[in-house]
Structure formats: C-alpha cells, structure tokens
Amino acid sequence: MPLRNRLRILAVSGLALFTVSASLPPDSAHTTRSHHPSGGGLSAVIRYTEYGIPHIVAKDYANLGFGNGWAQAADQVCTLADGFVTLRGERSRYFGPDAAPDGSLSSATKNLSSDLFFRGVHDSRTVEKLLEVPAPAGPSRATKELQRGWAAGYNAWLAQNRITDPACRGARWVRPVTTLDVTERAFALSVLGGQGRGIDGITAAEPPAATPAPAPTPPSPDDAADAAARLLSTQNADMGSNAVAFRGSTTAGGRGLLLGNPHYPWQGGRRFWQSQQTIPGELNVAGGSLLGSATMSIGHNAHVAWSHTVATGVTLNLHQLTLDPADPAVYVVDGKPERMTQRTVSVDVGDGRKVTRTQWWTRYGPVVTSLGAGLPLPWTRTTAYALGDPNAVNLRSGDTALGFSKAHSTAGIKEALRRTQGLPWVNTIAADSTGHTLFSQSQVLPRITDELAQRCSTPLGRATYPTSGLAVLDGSRSDCAPGSDPDAVQPGIFGPGRMPTVENAPYVENSNDSAWLTNADTPLTGYERVFGTVGTPRSMRTRGAVEDVSAMAEGGRLTVADLQAQQFANRAPAGDLAAADLAGACAALPGGTTSGSTGSPVDVSAACPVLRDWDRKVDTGSRGALLFDRFWRRAVAVPASALWKVPFSPADPVGTPNTLDTAAPGVLTALADAVAELRRAGIALDAPLGEHQSVLRGARRIPIGGGTEALGIWNKTEGVWDAAAGGYTDISTGSSYIQAVGWDGGPCPVARTLLTYAQSSNPASRHYSDQTELYSGERWVTSRFCEKDIARSPALKVVRVREHH
C-alpha cells in the first residue's frame, strides 16, 4: 500500500488506537483531561515511541504546527512559557527588574533591559511589518501557517491539561500565546548575535547632559580590539558545535555519512526537542528543533541529513556617528543633519510601578553605548555609535529549515540556502544518500568587504576589524554603508555567490573555527574578513577534530558505527600534547614540591604518576582526567607564545603549536594550584572523572563524560564547578541533540540519535532523564523513521489531538 494511503488510514484510526494505549501507565507530561475533545478545528495524530519521541502526522502545515505546539507544550510548557514572558517584556513584573534572564533569547544582563528591548520590538510592530514583506524576502505562507498552528496547539494543550511541573504550576505568567508571540521568538533568535548582543547598551543609551561634564573615556583602539575579539570569539560562546560529513568514496556503501554534535545550553529556552514531522506527500523529516520553533533545526529525511555549527561570521557592525555640536540627538550624513528617532517604552516592574525609557534609532540601527561590559561605546557631545544588524529584517530561517526538510540531496540543501538566505549565525554541513557532501557558511552578514573596511573604518575600526571582524564604519558618509550583491534577497548583505562553500570533498568538518580548514587537504581561502580568518591558530577542538576525521576518511569503509565511536572517543588532544611533558617535569621537581599562586609550596609528587598513567581520555572512568582538567584551565592563561616551545605555523596548522614548555612561568604553578584545590575538596587526584562530573536527576547522580573546550574534546561538556559539593555538579552547555546518519540502500535511513538532557524538563515526566542515562552509558536511540519501524515500537502510544470549538 502506498505510504500516503497508509498514513491517511493511520490518521483516521488515531482515536481507536488511543483506546488501546489508554491502559498504559500515565505519563504526567502527557496526561490529558480529554485526548479527543469534541468540535472541529486544527488536529494532528501524534505517535509516541521510545523515550517520548513524537512522530507527528497532519494533513497540512497549520495542522502540523498544531501537533508540534501541543507536543512541545506537553514536554516543556514551563520553559516555553518563561520565554514568552521575555518576548512580552514582562520579566520585571513577574521576576523582578534586577534579576537576570536565562540568556536564551538575548544577552541582556537584567530583566529590565530585556523588557525594555522586547517591549520596544512589540510596540513598534517590528515583526508585524516583517510579516507583511512578500516571500522570498519575507516568510512564506507555509512558515506562517506552521507558526499559526503552533500557537493554537500550545494553547490547546494549556486549555485541556493541568501543569504538573513545579517550575510553573499555578503561575500567573503561564498564558495562551498568539501567532505573533511565536514569530517574535523566531525574530529574537535571528538577532541573537546582533541587536540581542547589544541590548544593555541599546536600552541604556541616552544623550549626554546639556551642562558641561567630564566626557566619558572611550576605550583605546587596542583595548577595544581585545574586547571585541573576546566578545565575538566562537570559542568563548555558550553555543558551539562539531559536525562532519563524509563522501561516498570514504564509506562502506558508497553513500554519505553525517555526524552532528551541537553544543548548546542544557537548561532554558535554547534546548533542542526531538520529533518527526510528516505531511503525507509533502514533508517527512526527523530531528531536533530549538524550543518554540515550528520547523526542524537539525535533522534528516529519507535522502539527506544536515547539521549546523555556530559560525565565525560577525553578524553586526557599528557606525560611528558624527553629531551636531548643538544637539547630540542629531547626526550628520554627507554634510546634512538627520534627527534620531525616539522610541519611548514603558515596562511594568510590579506593584503598579512603571519604568519608562527612550531608545534612540538612526538610519543604521539603534544607538548603543556598549557591547558587553568590556567594550564601552560612550555617547559624547560629538560621537555616538549605531548598531547595524541585517538579521533585524530577516524572518526567513523557518523557510530555510523547511527547504532543508524537503531537500532530496546536498544540491537541494544548497538551493534552499540560495533561495531563502535565512540563517543568521550558523554554518551548514550535509551529506546525502548518493554520497555527496556540502559545507556552506551561508549566513546573513552585513556586506562589509575588506575594501570597504579599508576605505571607511574609523580609527577604532582599524583596530577591531582585523582582530575580530567587527567593522566600525564612518557613519558620516553614505558611501560607507554596507553594499548589496545582486543575488542577495535583501539589501546590505552578501549574496549566495560570496559564501565560503566546499562541495564533495572526502570530508567536510567544522568545530566553530572559520571555514579555512573545512577540509585540511584543500584549505578554503578568498573570503572577506567578516566571515572569519585564514592562516591563524585553530582551537584545540578543531585540531583534534581534523586529526580524527581526516584519519577516518583516509581509512575508509566508514559506517554509522564509526560515527558513533567518534562521538564517544572522548580523546583529549591537549592531554596528548602536554600530559607526558607535565608528568616528566613533575617527577623531576626537587622534593616533589613547587609553589602555588599564593607562593606557598605544594607537594605535587602524588600527581606525577597520575598524570603519567592517565589514558588521555575523558571517559567517566578515566583516572587523572579531572586533575589534568583543573590544571589545564589554569595553564591556558599562560600566553600561547610562552606555553609552547614550537609556535604556530600556518604551514602546519593542525600540528602546531606543540611541546609544552614546563619552564614557562605559570605552568607548574597551575599544577600546584590544581593539586591543592582537589585536596581541599577531598577529591582524590586519581578519582574517576564520573565520580566528580555528573548531573542530579531526582535523587540520582548521573555520571557524565566529555570535557571542556580548552581540552579540545569532541564530546564537549562544560561543567559547573563546585568543589565544596564534590566537583562538577551540573552541566551548563555541551553535547545536546546528536545524530549519526547514513544509508544502506534500503528505503529507510540508518540513524542513531541522542538528546542528552532528554525531552522534558518536568521532573514528574518519565522522559526527564531517560536519554541522560543513555548518554552517561554512551548508548544511542535507534531512529524510527519509516512507518514499519514506528508501528513496531514496543512503546507505541497514539494520540489524536484537536482544538476545542
């Protein structure tokens, strides 16, 4: 029977099938007052398989969105509702103006600044105006229908269920949402690397007082360059990723392989959520969606698989404004004055009190007085700075995701990128069932060429642009605005023809460095500095990843099992480079002692054999991994020029720098401090890593492998250190939705997945920690993509969900 007919029959029979499943033990995350309410309206069939993974079937995009919104609410209602409080600008009202948001939707440091920004977005009808832009520059009808359905599904779940999660049970701030709320969430994610980075500085901006006062001190160009480099470094971000695609010439079956390993927060609204979405004859895709998204962020269908990595492209720029000496709210362009636009915003901060502030906008974007605490941009009587962000007019990411979901090959992925141009801050890596591979840094970036930066940079920009890619352009000249490419879907951005792209290489890999070493055998060059660097040192994670995947490609005959092995190899490249030399220097210390940072001697002799015998891995059972980790976090504060005897060479970017200089000031001090720290905490120097790196789920501590960015671990784990409580007591960011995908010539893809923190954040749900247990044991979920596999699931639970009318 054709797939279309089988799915149609299944949709019709959903109610009957639910009757059978009703005898199963209830899951508090999915318990409903009525699974089959009366009336018409939107509806969908949701088939739950192992680990609470929903397979959603609907007849069109609105109904698919409905099922998606319903199922996301069932698992993550409190996290989602918290995000909608942010988007409405109501955090101060419910949680206090001085408390900090969770960072999911912006970098605002306080609820008040977050509220002022998002309330301003809402009051100015920013998103409504973007929704009126016809496709392809604006979102398509399909995307709008998905978002409309998502809002209806979320609301229907709220109306028909009781919340059991203590995080928001009975909370006044959990309310129904509108389609606009859902779209505003997409907008927030789009500007995350632009306006979202500058919210504190946008909402705090005010003209200097009319009375003379000491002028704020602007940063020196060198200090600003250092601050911008730290701010924009992908190695310091709370999101990152690895991804690799292998061409058919390297695999056992001549078909492509893809391993995606995004590193995202384990708590809050930037979690992934796993599902399969199907419209018979139109769409059939499985993968992970960012919470609140109606489309698949990372995933696969029957023909192609893709993943994303956070890219090095700088999505914002600054325009240095020359002000009218008589009026600091007036700036000059081509000799003519232009008055800034005022946006007055009021925010309820609780107890009937309101805070009203004015934001200042220019032709280039909002005036901003800082980008993070380290990069002040003072508004003086003569100078101000405006933040340019082309993603502030980009609502196309949903259409890009839909294009990926419907693609039949890597060529289809590339075509979706060309047609929609919707990705704000990620690269794309893909493989297909015919053996092709693709890497593309197709981002929405301000069209700042090196020539424009050379011609138009202010003194500040001449310092920041080479080091970080942050352009500071002369705002007094209209010819210094970003240009446009004829193939770009919107003005002021690079078109598809300028995007760094590699097709059909034996492997393409990215670990959040620039596109230069996507394939180390054929380095990619020729792109503008705003995309990233060429010929500069790579991160330890990139170096280790390139070593691993190039060896895999050279060995050939790869299978999905090899991708699974790579994910949990847990090799520590920094340990391979430095542990033996450190152990030798430790053993050579007179009396086995060296000074710590306080100047006091520390007996480190017991550490020497631990470092020598460490397996150079970060498995839960690895002894010595924790000691080296705590040492290395301190050692990397030593400048690289002093830390390594052999410096970086562009001719050997994967192999250099190398050879630890144990005589460098600070190296043995770092060892002494690490030893002293572990002893004070009562932690044995040779303790297995998993005894002191774990997460608490209920009453159980679950050991977690992996390691920090600086160690170069593919399976990245950023723990929350609390020595008094026994080590790393939680995970802040790290491996999240992992997928290893290939094809064997049959009708179904061969896919293994893991959602490391599990589907639900509700402690009462059976799917609160089940996949975390799998992750701890380095076990995987076998994807059930084809109908025959879904039907055979021993955990199958079929639910038809519908709107009340």
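About the criteria used
- Residues numbered from 1 in each chain as written.
- Predicted model: local features only at pLDDT ≥ 70, side-chain atom pairs only at ≥ 80, totals over all residues.
- Heavy atoms only, no water.
- Helix = DSSP H or I, 4+ residues; strand = E, 2+ residues; numbered from the N terminus.
- Rg over C-alpha atoms; globule rule 2.2 N^0.38 Å.
- Buried < 20%, exposed > 50% of the residue type's maximum accessible area, 1.4 Å probe, protein only.
- Contact = heavy atoms within 4.5 Å.
- Areas by Shrake-Rupley, 256 points an atom, 1.4 Å probe, with all protein chains shown as cover.
- Lys, Arg positive; Asp, Glu negative; His and termini not counted.
- Charge placed at Lys NZ, Arg CZ, Asp CG, Glu CD.
- Disulfide = S-S within 2.5 Å.
- Salt bridge = Lys/Arg side-chain N within 4 Å of Asp/Glu carboxyl O.
- Polar contact = N/O pair within 3.5 Å; in protein donor to acceptor, adjacent residues only side chain to side chain.
- pLDDT = per-residue confidence, 0-100.
- Phe/Tyr/Trp six-rings, centres within 6.5 Å; stacked < 30°, edge-to-face > 60°.
- Lys NZ or Arg CZ within 6 Å of the ring centre and 35° of its normal.

Undergrad: Break down the overall build of the chain for me, citing the residues and quoting the values.
TA: Within the chain, the secondary structure is distributed over 23 helices and 32 strands. For 805 residues, the compact-globule formula gives about 28 Å, and the C-alpha radius of gyration of the chain, at 27 Å, lands near that figure. If one aligns the C-alpha atoms of the chain with their principal axes, the spans along those axes are about 75 × 70 × 55 Å. Classification of the 805 residues of the chain by burial places 62% in the buried group. If you take every contact in the chain between residues at least 6 apart in sequence, the share linking residues at least 24 apart comes to 70%. Total accessible area on the chain is roughly 28,600 Å²; 53% of this is exposed by carbon and sulfur atoms. Across the chain, the 74 positively charged side chains and the 72 negatively charged ones have centroids separated by 6 Å.

Undergrad: Could you give an account of the state of the cysteines, with specific residues and numbers?
TA: This model, assessed by the stated rule, comprises four disulfides. The disulfide partner of Cys-456 is Cys-480, and the gap between their sulfur atoms is 2.1 Å. An S-S torsion of about -80 degrees defines the bridge between Cys-456 and Cys-480 as left-handed. Taken together, the residues span a long stretch of sequence, with Cys-456 in helix α13 (residues 450-456) and Cys-480 in the loop between β18 (472-474) and β19 (501-503) at a distance of 24 residues. One disulfide bridge connects Cys-586 with Cys-608, the sulfur atoms lying 2.0 Å from each other. Taking the sign of the torsion about the S-S bond as the criterion, the disulfide between Cys-586 and Cys-608, at about -75 degrees, is left-handed.

Undergrad: Describe in detail the pattern of salt bridges, supporting the description with residues and values.
TA: Overall, the coordinates contain 35 salt bridges when judged by the stated rule. Among the salt bridges present, the one from Glu-415 reaches Arg-418, with a minimum N-O distance of 2.7 Å. Placement of the pair is Glu-415 and Arg-418 together in helix α12 (residues 410-420), with a separation of three residues, close to one helical turn. By relative accessible area, Arg-418 is classed as partly exposed at 43%. Residues Arg-630 and Glu-677 are paired through a salt bridge, measuring 2.9 Å at the closest nitrogen-oxygen approach.

Undergrad: Outline the environment of Ser-760, listing residues and values.
TA: Of note, Ser-760 is situated in the loop between β30 (750-755) and α22 (770-776). Overall, Ser-760 belongs to the buried group, its relative accessible area being 1%. It is 35 Å that separates the C-alpha atoms of Ser-760 and Ser-124, two residues lying 636 residues apart in sequence. Within the structure, Ser-760 has its side chain in polar contact with the backbone nitrogen of Asn-762 (distance 3.0 Å).

Undergrad: Run through the confidence of the model for the chain, naming residues and quoting values.
TA: For the chain, the mean per-residue pLDDT works out to 94, and 94% of the residues sit at or above 70. Low pLDDT, under 50, characterises residues 1-39; the stretch is placed with 71 contacts to residues that sit more than four places away or in other chains.

Undergrad: Account for the packing of aromatic side chains, with residues named and values stated.
TA: Using the criterion set out here, one finds 21 aromatic pairs in the structure. A centroid spacing of 6.4 Å and a plane angle of 55 degrees characterise the contact between Tyr-94 and Phe-95, whose relative ring orientation is tilted. Judged by centre distance (4.8 Å) and plane angle (55 degrees), the ring pair of Tyr-264 and Phe-272 falls under tilted. Residue classification places Tyr-264 among the buried positions, given a relative accessible area of 5%. Joined through ring pairs, the aromatic side chains of Trp-266, Phe-568, Tyr-757, Tyr-775 and Trp-780 make up one cluster. Positioned over the ring face of Trp-721 is Arg-630, at 3.9 Å from the centre of the ring.

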